[in-house]
Amino acid sequence: LYNAYPNTAITYRIWNLDYPKVEFDKDLLMVEVPLRISIKVGGTVILSVKMELKTKGSVTIDGAHLSGAVDSITHTTTVATTLIGAVSDSKANSVMDSVLKKTII
């Protein structure tokens, strides 16, 4: 994208497609969030992907105190629409992996 659109603002928009699914099991918490991500250049959406983001973590409840930690995060990305030619799901997944590693959600 940066090679195809140098010196152009690239905007990422992320939103939920549906309600997150949350599961509790003893001290385990699993959250699945279906997301849609669109990438805009010059006001035009050039790529749109769907992502299933899954987070697993541990939860401790002590009286009125709730604490926890994230143990793992996985995601699967599929291409929904593209105006920049063929983009494989694996390539989109790799790019989104890089974006997510540098993003706080």
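A brief look at the structure comes next. (Residues numbered from 1 in each chain as written. Predicted model: local features only at pLDDT ≥ 70, side-chain atom pairs only at ≥ 80, totals over all residues. Heavy atoms only, no water.)

Secondary structure summary: the protein contains one helix and five strands in total. The C-alpha radius of gyration computed for the protein amounts to 17 Å, which surpasses the reference 13 Å derived for 105 residues by more than 25%, pointing to a less compact arrangement than a globule. Oriented by its inertia axes, the alpha-carbon framework of the protein measures out at about 55 × 25 × 20 Å. For the protein, buried positions account for 21% of its 105 residues. Considering only contacts within the protein whose residues lie at least 6 apart along the sequence, 41% involve residues at least 24 apart. Of the roughly 7,500 Å² of accessible surface on the protein, 54% is carried by carbon and sulfur atoms. (Helix = DSSP H or I, 4+ residues; strand = E, 2+ residues; numbered from the N terminus. Rg over C-alpha atoms; globule rule 2.2 N^0.38 Å. Buried < 20%, exposed > 50% of the residue type's maximum accessible area, 1.4 Å probe, protein only. Contact = heavy atoms within 4.5 Å. Areas by Shrake-Rupley, 256 points an atom, 1.4 Å probe, with all protein chains shown as cover.)

One finds V49, M51 and L53 to be the most contacted residues of the largest nonpolar core, which totals 14 residues. Of all elements in the fold, only β3 (28-41), β4 (44-62) and α1 (89-101) reach the threshold of two or more residues within this core. Beyond its immediate stretch of four places on either side in the chain, L53 contacts V31, E32, V33, L35, I73, T74, H75 and L100. (Core = buried A, V, L, I, M, F, W, Y, C linked by side-chain atoms within 4.5 Å.)

With that settled, the discussion passes to the layout of surface pockets. Taken as a whole, the second largest pocket spans an internal volume of roughly 250 Å³. Counted by class, the lining of the second largest pocket contains twelve nonpolar, no polar and one charged residues. (1 Å grid on protein atoms, 1.4 Å probe; cavity = no way out; pocket = protein on both sides within 12 Å on 5 of 7 lines; lining within 4 Å. Points joined across faces, edges and corners; volume = space filled by probe spheres on them. Nonpolar A, V, L, I, M, F, W, Y, C, P; charged D, E, K, R; others polar.)

Right, let's talk about the pattern of salt bridges for a bit. Tallying each qualifying case throughout the model produces one salt bridge. The salt bridge partner of K21 is E23, with a shortest N-O separation of 3.3 Å. Looking at E23, the relative accessible area reads 31%, which means it is partly exposed. (Salt bridge = Lys/Arg side-chain N within 4 Å of Asp/Glu carboxyl O.)

This paragraph deals with the environment of V70. Within the secondary structure, V70 sits in strand β5 (residues 65-82). For V70, a relative accessible area of 55% puts it in the exposed group. Measuring from C-alpha to C-alpha, the distance between V70 and V59 comes to 9.0 Å, with eleven residues separating the pair along the chain. In this structure, V70 is in contact with T55, K56 and G57, ignoring residues within four places of it in sequence.

Moving on, we come to the packing of aromatic side chains. Applying the stated criterion across every chain, the model contains zero aromatic pairs. Its end group placed over the ring of W15, R13 keeps NZ or CZ at 4.0 Å from the ring centre. (Phe/Tyr/Trp six-rings, centres within 6.5 Å; stacked < 30°, edge-to-face > 60°. Lys NZ or Arg CZ within 6 Å of the ring centre and 35° of its normal.)

Relative to the assigned elements, S48 resides in strand β4. Not counting residues within four places of it along the chain, the set of residues in contact with S48 comprises R36, I37, S38, V79, A80 and T81.

Bringing unusual backbone geometry into the picture now. Not every positive phi belongs to a glycine, and N7 is a case in point at roughly 55°. Structurally, N7 is set in the segment before β1 (10-16).

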